[in-house]
Amino acid sequence: VTENDAWETAVFDFSPLKDNKNKIAKIEGEYEDDTVLAPPYTLCCWVLPLLQQATGLIVHIYDNENSLEIKLLEGRLGVSINNTCSVILDTPELESHKWHQLCLAVNDTGSVLYLANHTFDFLFADKKICFTSTKDVDRVTLQLGSYPGGFVFSGKLARVLLYTRELNVSEITQHQQCQPGPLDFQRVLNVSHIGGVERQSRALEEFCRPHPSEFIALFRAYNHHYEARAFCKRMGGRLINRSDDYKQIAHEISSSKDIVDLKVLFWTEDMVYNSNKYGIVLSVTRADEIYHTLEFKCSSILIVTACFLPYGIKVYVKGDDVMEFSALPYNGQLILQSKDGAIISKSKCPNDTATNNECLKSSICDYEMYAHFLDNQLYLGRKDWFTPNMMAKKTYTLSLCSNDSFTCNDSSCIPLINRCDGIVQCPDHSDEGDICYILEQPSSTYWKSACPEESPLINLKVRLLGVNTVSLQGNEFGVTLYITLSWTDHRLKFINLANNMLPLEPEEFDLIWSPVVYFDNAVYRDNLNILKKIDVLQDITVSAVRDSETTIDNSYEVQKVNGSHVFINQHFKYLFTFSCTFELFTFPFDTQECQMSLRLKCTSGCQPKWNSESDEGIQVEGKDLTISTYSISQPRFTYDVSEENAPTEVIVYVLFTRKFIAYLLTTFLPCIVLCILSHLTLTHFQLDNFTDRITVTLSLLIVIASLFSQVSSSLPSGPMPKLVDFFFFYCILRVSFVFFLHSCIQKSLTGRQETPDSADTITMKDPSLDINVKVAWVSDVTKHRPTRRFNTPQIINRLGIVSVLLCDVTITCLFAYWAISEQIEKDDRFSTYNYTKKD
């Protein structure tokens, strides 16, 4: 390869992807000397691969006795000397779109490769012989770019210089520093170009310039200024700004094959900030690379958008899995290329002879798929791909979004946790709607009647919302319960849960297994309604207990988690009626302990158990409640656990403590007052005032009896007597006993009374009238009363007072013992049950 006096170097651009039949790009030539490869010799060249992990021939030289071959195999250098099998050197991968200077020095003892200021020594003495090349052209001793195995080098080669001596280190350094170096290299004759090869001239120092971090790409996008800026940002790039080299931009635009327009106008970043909001437009005439700037109103529509894109920006192609591509310029065109050689580029749509519509073309070896451009020829976004014969179709998403992001159809990105959260966040609304589902369709082997395992553990949470009724006549009580059953099913997979608790649709829930709960002491109607979901407020939610794994499902990013790490939560709210045996002996000071039994249905091969292994496996919650007649304690629960199995039944207990203040005011205190009044007839009435004492006592007895009759009609019916019955009976006995005392006292008084006339007057017979008349009275001084040893009425009265008081104390203690002992007994037993601790 020759240079002129200005040291401009011929650069050969190998572009096998151009539209040529054989996709060949190579150079053939010959040297004057037939023994150019007689050791020692040195080969130096500049290489710029255009594709990542490129594979292809760099240079192949042979003479009558020796051969040398240097090639790229998936980005690494391979060397073959004298037809030995290629030795893949332990060099780093050659970065694409960057010039690399390499020199290979060969002598009789070994070989040294100089690359990027590093040296690599290797020997070929014992290497296996591989005849992979053929000399199909007479006197051809040099071949560049083509690889006999079918892979063609795609990139640029410059200054391929062969020396028939071994260069020293300083001479090799000259090459590496973009200096001319020694000029005694071998001349090449009869050079011919075959296939896609272009020749350019570049200054030698350009090879050592820093690699640009950006390249310009053109898009046919109909945008005003604000949309153009957003368009470039969505592509991962930016608009042109005033700090860029407009001359170089005009040159690159002129060589671009992304558009065919002879004159293009496109927005720059610069704006004129005034009331009319004008933007700066760069105008380029491509034929002669003339450019100038104009002012356009920002609402004007331009048909071409130019974006500066970072070299090698990562583009992810998402179908059923993720393939990583890099956005790179190639032959004046934007392409996406993966490390395994797949290329996505702009091409004419297949079978489209009537129009010149362009498509995206995906090439993996000889397999090709196409997608129509959408949204003003945007490379990114979700597209339907098809084969030329339309026999296969597939949806792929081209995205710049990271793993924790969701790609909208228009290629914009939102956080993945915001997908399917009920709030539209994609500009095109593609994050919500029909794409949203939580449960992945179960496999064909899934059977909803079978348990996930033989004895799955079921978490239970019971919340007592309220006690609605207490029927002493029917021995029933009505409560509103909110029950949550939670379990896992490793046979399922869930999508888009993130860290949220999301609802599961009823039709999805009908596809999976769920436990069946019976409420043993509930009325039959309630169990039937729960099974048939009648009058039941029910909802199903799912929540993940560990972070989801981001994966791809039919081109959509999803967060998928195995069912073994997802709780399926069945919530239902229902007004239950449970039976309860009410013990009313101590009524109205009674305390009732009622229970609610929840039992899991077990079948052969499927025996679910309540999760008693975890503190949060069984939870029973509820506040202290109050209804008209009872105070209700926070519920507690018990379960039986054998040595081998978890429990299948949980019993929830509720303690009803009757509020008796009203009974004290309306029943007990009035009776006590009446009893006190009857007692006053013994202490404050005269003993000989029988009429008043007996009248008051009898009236009090009638009042107590009528009050007893009235209260008895409102008491719970039952054959067993109650404490209030004993109380009334005692009150009636007490007043009756007072009545009996009054009668005894009066009897005693009547038996002791004397006639006043015979005792205190003197009479004699009047002969004229023939009758007895009073003639004298006995004075108080002369009258002498008979001496009495005992005052019997007084003794009876005092004995009655004492005995009644003793009976009151005894009965009061007995009644208190009955009422308090039952309360203490039930409270102590209730306190031994389990309860859920409040936070």
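Per an unreviewed UniProt entry, the chain carries the name Glutamate-gated chloride channel-like 10 and comes from Homarus americanus. The record in UniProt for the chain states the following under Subcellular location (unreviewed entry): "Membrane".

Draft legend 1. Main features of the overall build of the chain. Along its length, the chain carries 10 helices and 47 strands. Counting across all 839 residues of the chain, residues that qualify as buried make up 47%. Considering only contacts within the chain whose residues lie at least 6 apart along the sequence, 68% involve residues at least 24 apart.

Draft legend 2. A look at the pattern of salt bridges. According to the stated counting rule, one finds 28 salt bridges in the structure shown. The shortest N-O distance in the salt bridge between R658 and D590 comes to 2.6 Å. Of the two residues, R658 is situated in strand β45 (residues 649-658) and D590 in the loop between β38 (566-579) and β39 (591-600); the sequence distance between them amounts to 68 residues. Residues R658 and D590 agree in their burial class; the two are buried. Among the salt bridges present, the one from R734 reaches D808, with a minimum N-O distance of 2.8 Å. Residue R734 is found in helix α8 (residues 723-752), and its partner D808 is found in helix α10 (residues 792-831); the two are separated by 74 residues along the sequence. In this structure, R734 and D808 share a single accessibility class: buried. One connected set of salt bridges, linked through shared partners, spans R165, E171 and D184.

Draft legend 3. Representation of the side chain of D258. Tracing the chain through its elements places D258 in the loop between α3 (246-255) and β16 (263-272). No salt bridge is formed by the buried D258; the nearest opposite charge belongs to K346, separated by 4.0 Å. The residues contacting D258, other than those within four sequence positions of it, are A217, L218, G332, Q333, L334, K346 and Y379.

Draft legend 4. Spotlight on the packing of aromatic side chains. Going through the model one piece at a time under the given rule, you end up with 36 aromatic pairs. Geometrically, the ring pair formed by W487 and W513 is edge-to-face, given 6.1 Å between the ring centres and 85° between the ring planes. Of this pair, W487 sits in strand β31 (residues 476-487) while W513 sits in the loop between α4 (506-509) and β34 (517-519), and the two are 26 residues apart along the sequence. Its relative accessible area of 0% is what places W487 among the buried residues. Among the residues examined, W513 registers a relative accessible area of 6% and is labelled buried. Pairing F519 with F572 gives two aromatic rings, centres 6.5 Å apart and planes at 85°, and the pair type is edge-to-face. Here F519 is found in strand β34, whereas its partner F572 is found in strand β38, with 53 residues between them in sequence. Considered together, F519 and F572 belong to a single accessibility category, that of buried residues. Three or more aromatic residues joined by ring pairs form one cluster here, namely F585, F589, F660, F668, F708, F726, F727, F728, F815 and W818. Sitting over the ring of Y556, R382 keeps its end group 3.9 Å from the ring centre.

Draft legend 5. The arrangement of the UniProt feature "transmembrane region" (unreviewed entry) in the chain in detail. Residues annotated in UniProt with the feature "transmembrane region" (unreviewed entry) correspond here to residues 660-682, 694-715, 727-745 and 795-820. Annotated as residues 795-820, this span is 100% helix and 0% strand, and its ends, taken at the C-alpha atoms, are 38 Å apart.

Draft legend 6. Representation of helix α6 (residues 661-683). If you check α6, its first and last C-alpha atoms are 30 Å apart, about what 23 residues at 1.5 Å a residue would give, namely 33 Å. Remark: the principal bend of α6, roughly 35°, maps to F668, with a proline, P670, within the next four residues. For α6, the set of buried residues is T667, F668, C671, L674, C675, S678, H679, T681 and L682.

Draft legend 7. Region of the structure containing the sheet that holds strand β32 (residues 493-495). Spatially, 3 strands are ordered β32-β37-β36 in an open sheet, and the strand pairing comes out antiparallel. Strand pairing shows two members of the sheet lacking a second neighbour, β32 and β36 (549-553), which therefore form its edges. The average angle at which neighbouring strand axes cross in this sheet is 45°, direction not considered.

Draft legend 8. Here's a closer look at the side chain of S405. With respect to the element layout, S405 can be found in strand β28 (residues 405-407). Residue S405 is classed as buried on the basis of its relative accessible area of 12%. Apart from residues no more than four positions distant in its own chain, S405 is found in contact with C413, I414, P415, L416 and E557.

Draft legend 9. Representation of the packing of α6 against helix α7 (residues 690-714). It is at 9 Å that the axes of α6 and α7 come closest, and there the two elements cross at 165°. With respect to α7, the axis of α6 lies roughly antiparallel. Handedness of the crossing formed by α6 with α7: left-handed. Across from T666, T667, P670, C671, L674, C675, L677, S678 and T681 in α6, the residues of α7 making contact are R693, V696, T697, L700, V703, I704, L707 and V711. Looking at the contact of α6 with α7 residue by residue, the class counts come to 11 nonpolar, 5 polar and 1 charged.

Draft legend 10. Spatial organisation of the confidence of the model for the chain. Looking at the chain, the pLDDT average stands at 85 and 90% of residues meet or exceed 70. This stretch, residues 1-6, has a pLDDT under 50; its non-local contacts, to residues over four places away or in other chains, come to 13 contacts.

Draft legend 11. Representation of the pairing of strand β3 (residues 41-49) within the structure. Of all the 9 residues making up β3, 9 are buried; the element is thus mostly covered by neighbouring parts of the structure. In β3, alternate side chains face the same way, and those of Y41, L43, C45, V47 and P49 on one face and T42, C44, W46 and L48 on the other are all buried. Pairing of β3 with strand β12 (residues 155-163) involves 7 bridges; the strand directions are antiparallel. For P49, the partnering residue across the bridge sits in β12 and is G155.

Draft legend 12. Expanded view of the packing of α6 against α10. Contact geometry of α6 with α10 gives a least axis separation of 9 Å together with a crossing angle of 155°. On the basis of the axis angle, α6 is roughly antiparallel to α10. For the crossing formed where α6 meets α10, the hand is left-handed. Contacts from H679, L682 and T683 of α6 reach α10 at N797, G800, I801, V804 and L805. Its residues placed into classes, the contact of α6 with α10 shows 4 nonpolar, 4 polar and no charged.

Draft legend 13. View of unusual backbone geometry. Cis geometry is found at the peptide bond from P39 to P40, where omega equals 0°. Take P40: it is sitting in the loop between β2 (25-31) and β3. Phi is positive for E74, which is not a glycine, with a value near 55°.

Draft legend 14. Expanded view of the nonpolar core. With 78 residues, the main nonpolar core has I483, F494, F519, F576 and W610 as its most contacted residues. The contacts of F576, once residues within four sequence positions are left out, are F477, G478, V479, L481, I483, F519, D526 and I530. Core analysis: the next-biggest nonpolar cluster, separate from the first, contains 55 residues, F12, V36, F124 and A158 among them.

Draft legend 15. The state of the cysteines, seen in detail. Applying the stated criterion across every chain yields a total of 9 disulfides. Between the sulfur atoms of C420 and its disulfide partner C436 the distance amounts to 2.1 Å. Where C420 bonds to C436 through sulfur, the torsion about that S-S bond is close to -90°, and the disulfide is left-handed. Of this pair, C420 sits in the loop between β29 (413-415) and β30 (457-471) while C436 is found in the loop between β29 and β30, placing the two residues 16 residues apart along the sequence. Paired through a disulfide, C451 and C606 show a sulfur-sulfur distance of 1.5 Å. Note that C451 is positioned in the loop between β29 and β30 and C606 in the loop between β39 and β40 (609-610), a separation of 155 residues in sequence. Here C451 and C606 have matching classes, each one buried.

Draft legend 16. Here's a closer look at the sheet that holds β2. The strand order across the open sheet formed by 7 strands is β7-β6-β5-β4-β11-β2-β13, and the pairing between neighbours is antiparallel. The open sheet has two edge strands with one neighbour each: β7 (87-88) and β13 (188-195). Here 6 bridges tie strand β5 (residues 67-73) to strand β6 (residues 76-81), and the two strands are oriented antiparallel to one another. The partner of I70 across the bridge, within β6, is V79.

Reading guide: rules and limits
- Residues take numbers from 1 onward in each chain, read along the sequence in its written order.
- Whole-chain, interface and lining totals are the exception, using all residues; otherwise, since this is a predicted model, local features are given only for residues with pLDDT of at least 70 and side-chain atom pairs are given and counted only at 80 or more.
- As a rule here, side-chain values cover all heavy atoms of the structure and leave hydrogens and water aside.
- UniProt positions are given in the numbering used here, feature names are shortened, and annotations may be inferred rather than shown by experiment.
- The secondary structure listing takes helices from DSSP runs of H or I that are at least 4 residues long and strands from runs of E that are at least 2 residues long, numbered from the N terminus.
- Burial classification: accessible surface area is computed with a 1.4 Å probe over protein chains only, and a residue below 20% of its type maximum counts as buried, one above 50% as exposed, and the rest as partly exposed.
- It only takes one pair of heavy atoms within 4.5 Å for two residues to be counted as in contact.
- Here, a salt bridge means any side-chain nitrogen of Lys or Arg that lies within 4 Å of a carboxyl oxygen of Asp or Glu.
- Charged-residue counts in this description rest on Lys and Arg as positive and Asp and Glu as negative, His and the chain ends being excluded.
- Within 6.5 Å between ring centres, the rings of Phe, Tyr and Trp (the latter by its six-membered ring) count as paired, and their orientation is classed by plane angle as stacked under 30 degrees, edge-to-face over 60, tilted in between.
- Whether a charge sits over a ring comes down to the Lys NZ or Arg CZ being within 6 Å of the ring centre and within 35 degrees of the ring normal.
- Expected helix span is given by 1.5 Å per residue-to-residue step, counting one fewer step than there are residues.
- Bend, at a single residue, is the angle you get between axes fitted to the 7 residues ending at that residue and the 7 residues starting at it.
- Any two strands are treated as partners once DSSP identifies two or more bridges connecting them.
- Geometry is summarised by axes, namely lines fitted to C-alpha atoms with helices restricted to the contacting stretch, and by angles between N-to-C directions that run from 0 to 180 degrees.
- What sets the label is the angle itself: under 35 degrees gives roughly parallel, over 145 gives roughly antiparallel, 65 to 115 gives roughly perpendicular, and the rest give oblique.
- Here is the rule for handedness: rotate from the far helix to the near one, and if that takes an anticlockwise turn smaller than a right angle the crossing is left-handed, while a clockwise turn gives right-handed.
- Amino acids are sorted into nonpolar (Ala, Val, Leu, Ile, Met, Phe, Trp, Tyr, Cys and Pro), charged (Asp, Glu, Lys and Arg) and polar (every other residue, Gly among them).
- You can read pLDDT as the predictor saying how much it trusts each residue, on a scale of 0 to 100.
- Nonpolar cores are built from buried Ala, Val, Leu, Ile, Met, Phe, Trp, Tyr and Cys residues. Side-chain atoms within 4.5 Å join them into one set.
- Two cysteine sulfurs form what is called a disulfide whenever their separation falls within 2.5 Å.

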